[in-house]
Amino acid sequence: MQERAYAKRGEQYLLIKSPPASGKSRALMFIALDKLNNQGLQQAIIVVPERSIGGSFADEPLSQSGFYWDWQVAAQWNLCNAPGVDEPRAAKSKVGAVRKFLASADQTLVCTHATFRFAMEELGIEAFDNRLIAIDEFHHVSSNPDNKLGSQLGALIARDKVHLVAMTGSYFRGDSEAVLAPADEARFETIAYSVDRGHRFWRSWAPLEREHFGRCDFKHGWSRWVNFGGGAGVPVTA
């Protein structure tokens, strides 16, 4: 999945449908770092449904595995680590931190869906121009006008001045509402992946490792694939 997603890193709108623990967070790190360093985007904002998931986007020394850059989030910009509970008042109080981040030279921020919604309301859509917005657990979004995050993403797409990466283990909602309006969904390049496909085609990693990263040790949720430089990767239990 990570190979296929990284191959589409130049897309402005990317939807990754992949099961839990299949490596979506790491795939996003690769894509985001390329967008920041090669595609001219100013900053990356990672948006997760709850604070506990923010840990999936902690610092990763990717260069130790041969990638071009490390993934780093300064402590003050991982708003999921701030004290307090997951409730609207706490999320709204973090809008000031988002404002400071947008005015800074730092490149990565992690926050909850709620904090992002409040920031969009208070700071305005223009404040997020030329930035990557990555939405984890994208099925929380709905095309229903009453879904604030969905309406805000629709406005971002209409303005067309951000890049969006949407990630979800399930693209379907229990209430049968559409996640995206058909016209908006049509603008996304989709990477669909299953665990079965991953187990059957893990060997496809080896050419990517040699071409892009040299020696690699990429963690998936359940395992990692190590290429020792002699061809096909070797599965190693994490």
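The written sequence of each chain sets the order in which its residues are numbered from 1. Only residues with pLDDT of 70 or above have their local features reported here, since the model is predicted, and side-chain atom pairs are shown and tallied only from 80 upward, although totals for entire chains, interfaces and linings are computed over all residues. Neither water nor hydrogens contribute to the side-chain values; these are computed over all heavy atoms in the structure.

As recorded in an unreviewed UniProt entry, the protein chain goes by Putative ATP-dependent helicase YeeB and comes from Acidithiobacillus thiooxidans ATCC 19377.

**Q** Could you give an account of the packing of helix α4 (residues 95–102) against helix α5 (residues 113–123), with specific residues and numbers?
**A** Where α4 meets α5, the closest approach of the two axes is 9 Å, and the angle between their N-to-C directions is 70 degrees. It follows that α4 is roughly perpendicular to α5 by the angle criterion. As α4 packs across α5, the resulting crossing turns out to be right-handed. Judged by residue contacts, V95, V98, R99 and L102 of α4 engage T115, F118, A119, E122 and L123 from α5. Amino acid classes used here: Ala, Val, Leu, Ile, Met, Phe, Trp, Tyr, Cys and Pro are nonpolar; Asp, Glu, Lys and Arg are charged; the rest, including Gly, are polar. Looking at side-chain class alone, the contact of α4 with α5 contains six nonpolar, one polar and two charged residues. Axes, fitted as lines to C-alpha atoms, cover a helix only where it is in contact. Angles between the N-to-C directions of the axes lie from 0 to 180 degrees. Only DSSP runs of H or I covering at least 4 residues are called helices, and only runs of E covering at least 2 are called strands; the numbering of each starts at the N terminus. Note that the term roughly parallel is reserved for angles under 35 degrees, roughly antiparallel for angles over 145, roughly perpendicular for angles of 65 to 115, and oblique for everything else. The sense of a crossing depends on the near helix, which, turned anticlockwise from the far helix by less than a right angle, makes the crossing left-handed and, turned clockwise, makes it right-handed. Contacts are residue-level and defined by heavy atoms, with any inter-residue pair within 4.5 Å sufficient.

**Q** I'd like to hear about unusual backbone geometry, residue by residue, with values.
**A** The phi angle at N130 is positive, at roughly 60 degrees, despite the residue not being glycine. A relative accessible area of 33% means that N130 is categorised as partly exposed. Positive phi is not limited to glycine here, since D160 has a value of about 65 degrees. Turning to its location among the elements, D160 is positioned in the loop between α6 (148–159) and β5 (163–168). Residue exposure (1.4 Å probe, protein chains only): buried if accessible area is under 20% of the type maximum, exposed if over 50%, otherwise partly exposed. Its relative accessible area of 33% is what places D160 among the partly exposed residues.

**Q** Lay out the pairing of strand β4 (residues 131–135) in plain terms, naming residues and giving numbers.
**A** Of all five residues in β4, five are buried, a share of seventy percent or more. Judged by which residues are buried, β4 turns out to be covered on both faces: R131, I133 and I135 on one side and L132 and A134 on the other are all buried. For two strands to count as paired, DSSP must find a minimum of two bridges between them. Across five bridges, the pairing between strand β2 (residues 43–48) and β4 is parallel. Paired with A44 across the two strands is L132, which belongs to β4.

**Q** Requested: an account of the confidence of the model for the protein chain, with residues and values cited.
**A** Of all residues in the protein chain, 68% have pLDDT values of 70 or greater, and the mean over the chain is 76. Low pLDDT, under 50, characterises residues 197–238; the predicted model gives this stretch 81 contacts beyond four residues in sequence or across chains. Here pLDDT means the predictor's own confidence in every residue, given as a number from 0 to 100.

**Q** Describe the packing of α5 against α6, with residues and values.
**A** Interaxial distance between α5 and α6 falls to 10 Å at its minimum, and their mutual angle equals 55 degrees. The angle between the axes of α5 and α6 places the two elements in the oblique class. For the element pair α5 and α6, the recorded crossing hand is left-handed. Each of H113, F116, R117, M120 and E121 in α5 lies in contact with α6, whose residues at this interface are K148, L149, Q152 and L156. Considered class by class, the residues forming the contact of α5 with α6 number four nonpolar, two polar and three charged.

**Q** Hey, could you go over the side chain of Q43 for me, with residue numbers and the actual values?
**A** Inspection of the secondary structure puts Q43 in strand β2. Polar contacts here mean pairs of N or O atoms no more than 3.5 Å apart (in protein, one a potential hydrogen donor and the other a potential acceptor; neighbouring residues in sequence count only if both atoms are side-chain atoms). A polar contact of 2.7 Å, which involves the side chain of Q43, links it to the backbone oxygen of F101. A distance of 3.5 Å separates a polar side-chain atom of Q43 from the backbone oxygen of S104.

**Q** Mind laying out the sheet that holds β5, listing which residues take part and the relevant values?
**A** Across the sheet, which stays open at both edges, the six strands sit in the order β3-β2-β4-β5-β1-β6 with parallel pairing between neighbours. The sheet is open, and its two edges are formed by β3 (108–112) and β6 (189–192), each paired on a single side. Ignoring strand direction, the axes of neighbouring strands in this sheet form an average angle of 15 degrees. As paired strands, strand β1 (residues 13–17) and β5 are joined by five bridges and run parallel to one another. Bridge assignment links Y13 to a residue of β5, and that residue is L164.

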